[in-house]
Amino acid sequence: MTLTRKEYDLLSLLVQHAGEIIPREALLMRVWGYGADIRTRTLDVHVRRLRKKLGGYADQYIETIFGIGYRFQPFHAPRFYQPAVTKPVVALSA
């Protein structure tokens, strides 16, 4: 797979922090050097290009956390928090 320098930098940063949600502002600062006051779609365009290059694996690996940022999921883990099912406690009468 051939990546541009920025695509590689973005994917590398996501992989280094696998499983963690990385805010948009942090990605824009670390990869492009953009401050929080800059409004741009650069990150979204690069994520879209990475997903296209990853093909069928794209949705498995790069997760959009709406309103926050992105997360790289290296394993086929559940994408949403699901609380463990516990058995209800039953009080026994004497």
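A brief look at the structure comes next. (Residues numbered from 1 in each chain as written. Predicted model: local features only at pLDDT ≥ 70, side-chain atom pairs only at ≥ 80, totals over all residues. Heavy atoms only, no water.)

## As for the packing of helix H1 (residues 5-16) against helix H2 (residues 24-32)
Helix-helix packing is characterised by the crossing angle of the two axes and by the distance between the axes. In the contact formed by H1 and H2, the axes pass within 10 Å of each other and the chain directions differ by 130 degrees. Overall, the two elements H1 and H2 adopt an arrangement that is oblique. The way H1 lies across H2 gives a crossing that is right-handed. Between H1 and H2, the contacting residues are Lys6, Asp9, Leu10, Leu13 and Leu14 on the first element and Leu27, Arg30, Val31 and Trp32 on the second. Each residue belonging to the contact of H1 with H2 can be placed in one class, and the counts come to 6 nonpolar, no polar and 3 charged. (Axes fitted to C-alpha atoms, helices over the stretch in contact; angles between N-to-C directions. Helix = DSSP H or I, 4+ residues; strand = E, 2+ residues; numbered from the N terminus. Parallel < 35°, antiparallel > 145°, perpendicular 65-115°, else oblique. Left-handed = near helix turned anticlockwise from the far one by under 90°. Contact = heavy atoms within 4.5 Å. Nonpolar A, V, L, I, M, F, W, Y, C, P; charged D, E, K, R; others polar.)

## Observations regarding the packing of H1 against helix H3 (residues 42-54)
The interhelical angle for the contact between H1 and H3, taken along N-to-C directions, is 85 degrees, at an axis separation of 10 Å. For the element pair H1 / H3, the angle class is roughly perpendicular. Where H1 approaches H3, its residues Lys6, Glu7, Leu10 and Leu11 are matched on the opposing element by Leu43, His46, Val47, Arg49, Leu50 and Lys53. Its residues assigned to classes, the contact of H1 with H3 shows 5 nonpolar, 1 polar and 4 charged.

## Thoughts on H1
Between its terminal C-alpha atoms H1 stretches 16 Å, which fits the 16 Å expected from 12 residues at 1.5 Å a residue. Those residues of H1 that fall on the buried side of the exposure criterion are Glu7, Leu10, Leu11, Leu13 and Leu14. Looking down the long axis of H1, one finds its buried residues gathered within 160 degrees of arc, a one-sided arrangement. Exposed and oriented more than 90 degrees from the buried face of H1 are Arg5 and Gln16. At its buried positions, H1 is contacted by strand S1 (21-23), H2, H3 and strand S3 (69-72). (Expected span 1.5 Å × (residues − 1). Buried < 20%, exposed > 50% of the residue type's maximum accessible area, 1.4 Å probe, protein only. Arc of directions from axis to C-beta.)

## Here we look at the pairing of S3
As judged from the 3 bridges shared by S1 and S3, these two strands associate in the antiparallel manner. Directly across from Ile21, in S3, lies its bridge partner Arg71. As defined by bridge partners, strand S2 (residues 62-65) adjoins S3 across 4 bridges and the pair is classed as antiparallel. Residue pairing across strands places Glu63 opposite Arg71, the latter belonging to S3. Here S2 folds back onto S3, and the loop between the two strands holds 3 residues, one of which, Gly67, carries a positive phi near 80 degrees. (Pairing = 2+ DSSP bridges.)

## Things to note about the environment of His17
By the secondary structure assignment, His17 is in the loop between H1 and S1. Since its relative accessible area comes to 25%, His17 is described here as partly exposed. For the pair His17 and Gln73, spaced 56 residues apart in sequence, the C-alpha to C-alpha distance is 9.5 Å. Leave out the neighbours within four places in its chain, and His17 touches Ile22 and Arg30.

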